[in-house]
Structure formats: structure tokens, C-alpha cells
Amino acid sequence: MTVLVVEDDTIILEGLQISLEQEGYQVVSASTMKDALDIVNSEQAFHICLLDVMLPDGDGYQICKAVRAKSQIPILFLTACDDEVHTVLALEQGADDYIAKPFRIRELLARMKAILRRTGMMNGATNGGANGMINDMAGGNDSNVVMIGDTQVNLNTAKCYRYGEEIVLTAMEYKLLLIFIRHRGKNLSRQQILSEIWDEAGDFVNDNTLSVYIKRLRKKLGDTDDSQLIQTVRGIGYRMD
């Protein structure tokens, strides 16, 4: 399994490379935005990205956007900026998770494994496109096709379509969608949602980042003020009818 690590601090980069290789990962590294973009735009295959935010010639957000233009592989930010603004910005660019410096290598490895597990990358998918972020399952039983407004969700293949076009969801967005589908017609508190996410995969999601994930899911499902598929229930949480 290959990891793209983008970090301009030589000491941190070397430490990460040694630790990741000891865990059995292959490491492809870059210390500048330019080098990282060259790797992203090459045919090099990798399963997860670790991106530093601040780089000498740019930032990790631009690399994140470049990766997301090609693939839905997991992205984890390594940031010295442990505040809500930078966290939200990273998630809105398409990141799956973030960890603040200084971090313990065991925590980083645990977060990586949680992301790889929930995205299906443990089964060997690479950055070959949107299908790499979810394990496709065989079958096409119509009973496992759910309609949410104009969106068709195939629970067998873990794919969503709207007006015949595939909607590419990140693993966390799809997980949230499944939670709403399972509890369709019921009010869900934010704590209930967080509890289900944590209980199922040991994911690292807090109350602030949950808002970003729900906002992204709403946008992809085509939610509007006039037609809200995921409704905000004041004082309670959310509801999908």
C-alpha cells in the first residue's frame, strides 16, 4: 500500500517515512507543492495522501483540489493550524480527516487505518478514479435501490446517480447518507449521528466537522431552500423523509 506524503519539514518527513515503512507502507514523498503536483499528475498510484498545509511554494489545499479532480482516494491533512477555520477549509476542499502537529505517530497510524478501512482501500483500490473510494459489491437487486428526491442510491454497488449522472461521494458522505437512509422519517440528533459514525468504524469526527460533512452531502444531493432532502430540525438535529 502506497502513501503520498507531502511535508516540507525534513525531520518530520524522514520520521514519517521511517515509521510508515516499518508499518509496511511504501512511501512516495515531496517537500514542495510543485513536486507533489507532478506526482499527482503522473501515473504513480497511491492509496492515501498525507498533506502538510503550509509549503514553501504554495499550500496543501491546492494539492488536495488536484487530487480530488482525479480521484476520491483518502486525504489526511497534517496541520500546525489547529483551529476551526483551517479545519473547515481542509474539509471543504475534500479532505477526509486532519491531525494537528505535533502528533503522536500511533494516533496518525490509527487515523490512517480508520480512513483506509471505511473507504475500502484496505482491499487494494488505488487512485484510478471515483470507484477507488468505495468497494463495489456485486449485484443489482432493485430492492436495494433507494430514491432520495432525484437521487438514486444503489446499496449493492455503493453508487449514487442523479439525472443519470454519477454523484461521487467521499466515504464519510456516503456513510452519513446510509445513516439517514436507515433512519428515514426519524429525527436524528447530532450526537446520535456522531455516535453511529464512531461505533461503526472508530472514525475521528467531531461536532464541528460533522456540519461540514452534512453541508457537502446536501450540496451533492441537490438540496435547495425550497426542497430540502436533509432537513434541519430546530433544537433537535436532522431528518430525511
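The structure we're discussing is the one just above.
Residues numbered from 1 in each chain as written. Predicted model: local features only at pLDDT ≥ 70, side-chain atom pairs only at ≥ 80, totals over all residues. Heavy atoms only, no water.

## So, the pattern of salt bridges
A side chain of one charge can pair with a side chain of the opposite charge when the charged atoms of the two come close.
Then step 1. Scanning the entire structure with this criterion turns up 13 salt bridges.
Then step 2. Between Asp96 and Arg68 there is a salt bridge; the shortest N-O distance is 2.9 Å. Taken as a pair, Asp96 in the loop between α4 (84-92) and β7 (97-100) and Arg68 in helix α3 (residues 60-70) lie far apart in primary sequence, 28 residues in all. Note on accessibility: Asp96 and Arg68 belong to one class, buried.
Then step 3. Between Asp97 and Arg111 there is a salt bridge; the shortest N-O distance is 3.4 Å. Placement of Asp97 in strand β7 and of Arg111 in helix α5 (residues 105-119) is noted, with a sequence separation of 14 residues between them.
Then step 4. Each of Glu7, Asp52 and Lys101 takes part in one network of salt bridges that share partners. (Salt bridge = Lys/Arg side-chain N within 4 Å of Asp/Glu carboxyl O. Helix = DSSP H or I, 4+ residues; strand = E, 2+ residues; numbered from the N terminus. Buried < 20%, exposed > 50% of the residue type's maximum accessible area, 1.4 Å probe, protein only.)

## A short note on the layout of surface pockets
It is a probe the size of a water molecule, rolled over the atoms, that shows where empty space is left.
Then step 1. By volume, the second largest pocket is sized at about 250 Å³.
Then step 2. As for the second largest pocket, its lining consists of Arg68, Gln72, Glu92, Gln93, Gly94, Thr170, Glu173, Val212, Lys215, Arg216, Lys219 and Lys220.
Then step 3. Here the lining of the second largest pocket gets 5 residues from one element, more than from any other, and that element is helix α8 (residues 207-221).
Then step 4. When grouped by side-chain class, the residues that make up the lining of the second largest pocket number 1 nonpolar, 4 polar and 7 charged. (1 Å grid on protein atoms, 1.4 Å probe; cavity = no way out; pocket = protein on both sides within 12 Å on 5 of 7 lines; lining within 4 Å. Points joined across faces, edges and corners; volume = space filled by probe spheres on them. Nonpolar A, V, L, I, M, F, W, Y, C, P; charged D, E, K, R; others polar.)

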